[in-house]
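Below, each chain spelled out in residue letters.
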Amino acid sequence: MKGCYEVVVANAKVRYEFLVRRNITIIKGDSATGKTTLVEMIREYYEAGEDSGIELRCSKNCRTLAGRDWKRILEGIRESIVFIDEDNAFLPTKEFSEAIRDSDNYYVIVTRESLPNLPYSVEEIYGIRESGKYASLKQTYNELFHIYGREDYTKPVITEQLIVEDSNSGYEFFAGVADESNVQVISANGKSNIFSKIMENPAKRVLVIADGAAFGSEMDRVMKLVHKKKGVVLYLPESFEWLILQSGVVKKEGLRDILIKPADFIESEDYFSWERFFSQLLVELTEGTYLKYTKRKLNKVYLQKEIALKILLQMDGIWLHKL
């Protein structure tokens, strides 16, 4: 399944209107904010239709998933938006992650806890706020917790140290462009290690670069640390490969359309996260050219001054001192 889908759920007392943009959407928030009510209304409509007194509008089938038989039930769900409440014990399990990895459904998950087994985007974490007599979804990091707004974690930084999630091409690129500066570049060897790398870091001015497309589960604890340890700035593009594609270095008809509306081109059954899609796209578009890209080893052409500068200029709002 691919594309963006508007969901409207309403009864006589409450109304929800929101867009589902990717295969995994997270809804967070405290008790009594309307999260469970949303899931219950989806369930009631699925079971009783219009007799439930609920209006549900979406171009895709919407339903819920719960209970001990969740895996068997999931096997029969196709091309749907599946809503899951946080009281289901299977949510944080590796078994659930593996079950939805190659799914052609989208999933809207209510949870107050992070789900490290799922590669969900920082951009697809939401809370529910009330707006007049209705309720509507807003991004948690922009509405309920203003400190997590993009303008709060992405800002100009004169960096002493750069921590990169990647250990392969992304790390080699930033290490290469920083080679003649006093900036130390460190690989975290994975998103789950970024927290500890920041903790143990003695530098006062640190820039962290990670793949925003799959960094959602780390956001809560990392942002708490960012506000405790002043001078740490996050930059979370979709991925390093996305930066290259955005730079205009690769010329290909139709590429701009993909970058403007990636949801229209990314099939959830094929790509568990958008990061994987952009990596594969860059590999395919540069195959057989001087820009040939592999994730494991950086093609040195990307370190040529003109090309490297175009890539760095895509880091909107970030100032890399001496890079």
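Caption draft 1: Quick peek at the sheet that holds strand E13 (residues 232–235). Ordered by their spatial adjacency, 4 strands build an open sheet running E11-E10-E12-E13, and the pairing between neighbours is parallel. Two strands lie at the open edges of the sheet, namely strand E11 (184–187) and E13, each paired on one side alone. Strand-to-strand, the axes of this sheet are offset by a mean angle of 20°, without reference to chain direction. Where strand E10 (residues 161–164) lies against strand E12 (residues 206–209), 4 bridges are found, and the strand directions are parallel. Along E12, the bridge assignment pairs Val164 with Ile209. Strands in contact with helix H5 (residues 169–177) are E10, E11 and E12; relative to E11, the strand with the most contacts, it is inclined by about 175°.

Caption draft 2: Local environment of the nonpolar core. Phe173, Phe174 and Tyr302 are the most contacted members of the largest nonpolar core, which totals 42 residues. Mapped by element, the contributors of at least two residues to this core are E10, H5, E12, E13, helix H8 (240–246), helix H9 (255–260), helix H10 (274–286) and helix H11 (305–312). Aside from chain neighbours lying at most four places away, what touches Phe173 is Phe240, Leu298, Tyr302, Leu303, Ala308, Ile311 and Leu312.

Caption draft 3: Representation of the pattern of salt bridges. With the rule as written, the count across this model stands at 20 salt bridges. Two residues, Arg15 and Glu17, come together in a salt bridge whose shortest N-O distance is 2.5 Å. The exposure class assigned to Glu17 is partly exposed, which follows from its relative accessible area of 38%. Residue Arg72 pairs with Asp69 through a salt bridge whose shortest N-O separation is 3.6 Å. The exposure class assigned to Arg72 is exposed, which follows from its relative accessible area of 55%. According to the relative accessible area criterion, Asp69 is partly exposed, its value standing at 43%.

Caption draft 4: Region of the structure containing the environment of Tyr126. Here Tyr126 shows up in strand E8 (residues 125–131). Sequence separation between Tyr126 and Thr25 is 101 residues, and the spatial gap between their C-alpha atoms is 7.7 Å. At a separation of 2.7 Å, a polar atom in the side chain of Tyr126 contacts the side chain of Glu124.

So, how was this worked out
- Throughout this document, residue positions are counted from 1 along each chain, in the order its sequence is written.
- Where local features are concerned, this predicted model is filtered to residues with pLDDT of at least 70; where side-chain atom pairs are given and counted, the filter is 80 or more; whole-chain, interface and lining totals use all residues.
- By convention in this description, side-chain values take in all heavy atoms of the structure and omit both hydrogens and water.
- One requirement defines pairing of two strands: DSSP has to find at least two bridges between them.
- For the purposes of this entry, the term helix denotes a DSSP run of H or I that reaches at least four residues, the term strand denotes a run of E that reaches at least two, and both are numbered from the N terminus.
- Note on method: axes are straight lines fitted to C-alpha atoms, helices fitted across the in-contact stretch only, with angles between N-to-C directions ranging 0 to 180 degrees.
- When checking whether two residues touch, look at their non-hydrogen atoms; a contact exists if any pair is within 4.5 Å.
- The set of buried Ala, Val, Leu, Ile, Met, Phe, Trp, Tyr and Cys residues whose side-chain atoms join them within 4.5 Å is what this entry labels a nonpolar core.
- A 1.4 Å probe rolled over the protein chains alone gives each residue an accessible area, and that area as a share of the maximum for its type sets the label: buried under 20%, exposed over 50%, partly exposed in between.
- What counts as a salt bridge is simple: a side-chain nitrogen of Lys or Arg found within 4 Å of a carboxyl oxygen of Asp or Glu.
- Here a polar contact is taken to be a pair of N or O atoms separated by no more than 3.5 Å, where protein atoms must pair a possible hydrogen donor with a possible acceptor and residues adjacent in sequence count only if both atoms sit in side chains.

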